[in-house]
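Results of the structural survey
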Amino acid sequence: MKLFGQGRAALADDPATAERLEWGARRRSRGDPDIILEPRSGDPRREPWIAPPWFDPARGLDALRRRSGRRARWSYLPTAPGVVRYLDRLAAPRQQTGWCVGIAGLGRVGGVAATALAAVPTGRSGIRELLVHDADAANQERWVLELGSIAQWRGRDMLPVVRPATTGQLFERCDAFLFAATDSVPPLGSRGDVRMVQFEPNRSILRGFLADARAADYTGLFLVVSDPIEWLAQAAFRDSNSDRAGRFTGHGIAPERVAGLGLGVMWGRALAAARQEGLKEVVARRGAAYGPHSTDVLAFDDLENPDFPLSRRLTRSARECNFKVRDLGHVPYVGPGLSSVGLMLPPLLAGREVLASVLVGGIYFGAPARMAWGVHPTPHRVSGEIWAAISSLHESLQSQARSLGLEWPAL
Ligand SMILES: NC(=O)c1ccc[n+]([C@@H]2O[C@H](COP(=O)([O-])OP(=O)(O)OC[C@H]3O[C@@H](n4cnc5c(N)ncnc54)[C@H](O)[C@@H]3O)[C@@H](O)[C@H]2O)c1
C-alpha cells in the first residue's frame with residue numbers, strides 16, 4: 001500500500017487525488033497517520049463524500065439497522081470535486097483548545113440554545129467560544145450583553161467566551177455553525193402546518209449564509225435548527241452544490257457536514273408521555289425517535305420489542321405537544337432550544353450518539369447518529385414492524401423531496 005500526505009490523514013493508493021491535493025508520498029519520518037482513506041465509488045449527489053469505516057453509504061437506509069463491517073479504512077469519493085478541500089481539513093492537526101460555535105438567529109429558539117451553551121463550562125461542553133449573530137443589530141447587542149452576564153459566583157470553571165460576529169466572521173472562525181434564523185414563525189392561532197410554510201422564506205435567508213460560507217471556504221459543520229429542518233438541510237446541500245441551471249457542481253458543502261437538529265425535542269416530548277405512565281427510565285434506554293421534525297415523526301418505546309399502543313401514545317405526544325403549547329397562548333421554544341440544540345450539541349461535538357437529521361438514502365432523515373468527521377446514522381437492532389414503519393416513512397419523504405425538486409435523481 002502506498003500512502004500519500006504528511007498530515008493526520010493519508011490517502012492509500014490514489015496518486016491522482018494526491019496530486020490534486022499536492023500531497024506527496026508519505027515520508028517514513030511522519031509515522032503512521034491517524035486516518036487512512038481509500039477511494040470508493042458512489043454518487044456524490046446522494047451520499048457522503050468522506051465516511052468513517054463503520055459507515056457504508058452503499059447500504060442506503062439499511063445503515064440504520066446494520067453495521068457496515070466491510071471496510072477497515074475510511075473512504076472517500078474522488079469524483080466529488082469539492083472533496084479535496086475537506087480532505088485537506090481532515091488532515092490538518094486536531095485543534096486541542098475546544099470548539100468555536102457560531103449561531104445565527106437569536107430569536108426564541110436561538111436565544112435559549114445560546115443561553116444553554118453559554119452556561120455550560122468549556123470543560124464539559126468542549127465549547128470555548130460562542131459567536132452570535134442576528135440581522136437585528138439591537139437584538140444581537142442585547143444577546144451579547146445577556147450571555148456575557150452569565151457567571152458563577154467565584155466559580156473556577158471557564159465558560160465559553162461570547163462574541164458578536166458578522167456572517168463573514170462566523171464562517172472564517174467557527175467549527176460548527178447553527179442556522180436558527182427565520183423570516184417568521186406563524187403566529188398563534190394559525191391553523192395547519194407551522195413549519196412547511198417557512199420553507200421558501202427561510203431557504204432564501206439560508207442562501208445568503210451559503211454564499212458567505214462558500215466565500216470563506218468554510219469546511220466546518222453546518223447545522224440546521226430552523227424549520228422545516230430536513231428540507232432546509234437538504235436545500236443547504238443542494239443549493240450550495242448547484243449552478244444557476246440547477247446542475248450539480250460539487251464545489252459546495254459536503255453532505256455529511258450538514259445535519260439537522262430538531263429530533264431532540266420530539267424525543268423529549270415522547271419521553272414526557274412515558275414519564276406520565278411511569279415508564280421514562282426504560283423508554284429512555286430502549287426507545288428512540290425517527291423521521292422529521294414534523295407531524296410525521298415516529299417514536300418507539302422499545303426498538304426491539306415494541307409495545308405498539310404505547311409507541312403510538314409516545315408518537316402522538318411528540319407530534320402534538322407543539323400544538324398544546326400554542327393552544328395555551330405561547331409559541332414553544334424552551335423544549336426546542338434545550339432538547340434539540342443546547343443539550344444535543346455538546347455530545348454531538350464529543351462524538352457521542354445523538355438524535356439528528358442526516359443524509360441517508362439520498363435525503364436528510366432524523367435518526368440516532370454520531371459525528372465521526374461527518375454526521376452519520378448509527379445502526380440499531382429494530383423489530384420487523386418498526387423497520388417497515390421507518391422504511392415507509394423514508395420512502396414517502398423521498399417522494400416529497402422529489403416533488404419539492406430537492407433530490408437529485410439516482411444516476
Ligand atoms: N429545531 C427545533 O427543535 C425547533 C423547534 C421549534 C421551532 N424551530 C424553528 O426555529 C426557527 C426559529 O424560531 P424562533 O421562534 O426562534 O423565531 P424568532 O422569530 O423568535 O427568531 C428568529 C430570529 O432570526 C433573526 N433573523 C431573521 N433573518 C435573519 C437573517 N437574515 N440573519 C440573521 N438573523 C435573522 C430575527 O431577527 C430573529 O431574532 C423557526 O424556523 C422555528 O420554526 C425549531
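Residues numbered from 1 in each chain as written. Predicted model: local features only at pLDDT ≥ 70, side-chain atom pairs only at ≥ 80, totals over all residues. Heavy atoms only, no water.

1. Some details on the environment of T115
Along the chain, T115 turns up in helix 3 (residues 108-119). Relative accessible area serves as the criterion here: at 31%, T115 is assigned to the partly exposed category. The sequence separation of T115 and V161 amounts to 46 residues, and the corresponding C-alpha distance is 12 Å. A polar contact of 2.6 Å, which involves the side chain of T115, links it to the backbone oxygen of G111. (Helix = DSSP H or I, 4+ residues; strand = E, 2+ residues; numbered from the N terminus. Buried < 20%, exposed > 50% of the residue type's maximum accessible area, 1.4 Å probe, protein only. Polar contact = N/O pair within 3.5 Å; in protein donor to acceptor, adjacent residues only side chain to side chain.)

2. Topic: the packing of helix 9 (residues 263-276) against helix 11 (residues 308-327)
Closest axis-to-axis distance for the helix 9/helix 11 pair is 7 Å, and the angle between their directions is 120 degrees. Judged on the interaxial angle alone, helix 11 and helix 9 are oblique. The element helix 9 and its partner helix 11 pack so that their crossing is right-handed. Where helix 9 abuts helix 11, its residues M266, R269, A270, A273 and A274 lie against R313, L314, S317, A318, C321 and N322. Residue composition of the contact of helix 9 with helix 11, grouped by class: seven nonpolar, two polar and two charged. (Axes fitted to C-alpha atoms, helices over the stretch in contact; angles between N-to-C directions. Parallel < 35°, antiparallel > 145°, perpendicular 65-115°, else oblique. Left-handed = near helix turned anticlockwise from the far one by under 90°. Contact = heavy atoms within 4.5 Å. Nonpolar A, V, L, I, M, F, W, Y, C, P; charged D, E, K, R; others polar.)

3. Considering the packing of helix 7 (residues 199-215) against helix 8 (residues 229-240)
Orientation of helix 7 relative to helix 8, taken along the N-to-C sense of each, is 45 degrees, at an axis distance of 10 Å. Comparing the axis directions of helix 7 and helix 8 gives the class oblique. Pair helix 7 / helix 8 crosses with right-handed handedness. Judged by residue contacts, F199, N202, R203, L206, R207 and L210 of helix 7 engage W231, L232, A235, A236, D239 and S240 from helix 8.

4. Thoughts on the domain arrangement of the protein
Entries for the protein in the domain assignment read domain 1 (3-91), domain 2 (99-260) and domain 3 (265-331 + 361-403). Each of domain 1 and domain 2 was reduced to a C-alpha centroid, and the two centroids are 28 Å apart. Contacts between domain 1 and domain 2 engage 11 residues on the former and 18 residues on the latter. Across the domain 1/domain 2 interface, buried area totals approximately 1200 Å², and carbon plus sulfur atoms make up 57% of it. Area buried by domain 1 at its contact with domain 2 is led by R85, Y86 and R89, which between them contribute 50% of it. Taken together, domain 1 and domain 2 are joined by two salt bridges. D217 is paired through a salt bridge with R85; the nearest N and O atoms lie 3.5 Å apart. For the interface between domain 1 and domain 2, the tally reads eight residue pairs in polar contact (both at pLDDT 80 or more). In terms of residues, the side of domain 1 that touches domain 2 owes the most to one element, helix 2 (residues 83-91), which gives three residues. (Domains from an automatic or database assignment. Buried area = accessible area lost by both parts, 1.4 Å probe. Salt bridge = Lys/Arg side-chain N within 4 Å of Asp/Glu carboxyl O.)

5. Some thoughts on the pairing of strand 10 (residues 221-224)
Residues L221 and L223 line one face of strand 10 and the alternating positions F222 and V224 line the opposite face, and both faces are buried. In this fold, strand 9 (residues 176-179) hands off to helix 7, which returns the chain to strand 10; that crossover is right-handed. What joins strand 10 to strand 11 (residues 258-260) is helix 8, and the crossover it makes is right-handed. (Right-handed = clockwise from strand over helix to strand, strands pointing away.)

6. Digging into the pairing of strand 15 (residues 363-372)
Along strand 15, nine of the 10 residues are buried, which leaves the element largely enclosed by surrounding structure. Both strand 14 (residues 354-360) and strand 15 contribute to a ladder of seven bridges, which runs antiparallel. From the neighbouring strand, S357 faces strand 15, where its bridge partner is G366. As paired strands, strand 15 and strand 16 (residues 374-377) are joined by four bridges and run antiparallel to one another. Counted as the bridge partner of A372 is G374 from strand 16. Hairpin connection of strand 15 to strand 16: one residue between the antiparallel strands, including W373 at a positive phi of 70 degrees. (Pairing = 2+ DSSP bridges.)

7. Focus on the sheet that holds strand 1 (residues 3-4)
Strand order in the open sheet formed by five strands is 1-2-3-5-4, and the pairing between neighbours is mixed. In this open sheet, the two strands that pair with only one neighbour each are strand 1 and strand 4 (50-51). Taken together, the three bridges between strand 2 (residues 9-12) and strand 3 (residues 35-39) define a ladder with parallel strand orientation. Paired with A9 across the two strands is I35, which belongs to strand 3.

8. Here's the deal with helix 11
If you check helix 11, its first and last C-alpha atoms are 28 Å apart, about what 20 residues at 1.5 Å a residue would give, namely 28 Å. At E320, helix 11 shows its maximal kink, close to 45 degrees. Of the positions making up helix 11, those classed as buried are L310, S311, L314, T315, S317, A318, N322 and R326. Backbone geometry just after helix 11 places G329 at a positive phi near 100 degrees. (Expected span 1.5 Å × (residues − 1). Bend = angle between axes of the 7 residues up to and from the residue.)

9. Things to note about the site of the ligand
Neighbouring the ligand are 28 residues, the closest being V109, D134, Q198, D227 and S340. In this structure, A135 approaches the ligand through a main-chain N or O atom, which is 3.1 Å from a nitrogen atom. Residue Q198 places a side-chain N or O atom 2.6 Å away from an oxygen atom belonging to the ligand. Contact with the protein chains removes 84% of the 880 Å² of surface that the ligand exposes when unbound. Examining the composition of the shell around the ligand, we find that three residues originate from one element, helix 7, more than from any other. Here the residues of the shell around the ligand are counted per class, giving 13 nonpolar, 11 polar and four charged. (Near = heavy atom within 4 Å. Areas by Shrake-Rupley, 256 points an atom, 1.4 Å probe, with all protein chains shown as cover.)

10. A short note on the packing of aromatic side chains
Under the defined criterion, the tally for this structure stands at 11 aromatic pairs. With a centroid separation of 4.7 Å and an interplanar angle of 55 degrees, the aromatic rings of F171 and F177 are classed as tilted. In this structure F171 comes out as buried when scored by relative accessible area, which is 2%. Taking the centre distance of 6.3 Å and the plane angle of 5 degrees together, the rings of F171 and F222 count as stacked. Separated by 51 residues along the polypeptide, F171 in helix 6 (residues 167-173) and F222 in strand 10 bring together distant segments of the chain. Across this residue pair, the class does not change: F171 and F222 are buried. Here R257 stacks its cationic end above the ring of W373, 3.7 Å away from the centre of that ring. (Phe/Tyr/Trp six-rings, centres within 6.5 Å; stacked < 30°, edge-to-face > 60°. Lys NZ or Arg CZ within 6 Å of the ring centre and 35° of its normal.)

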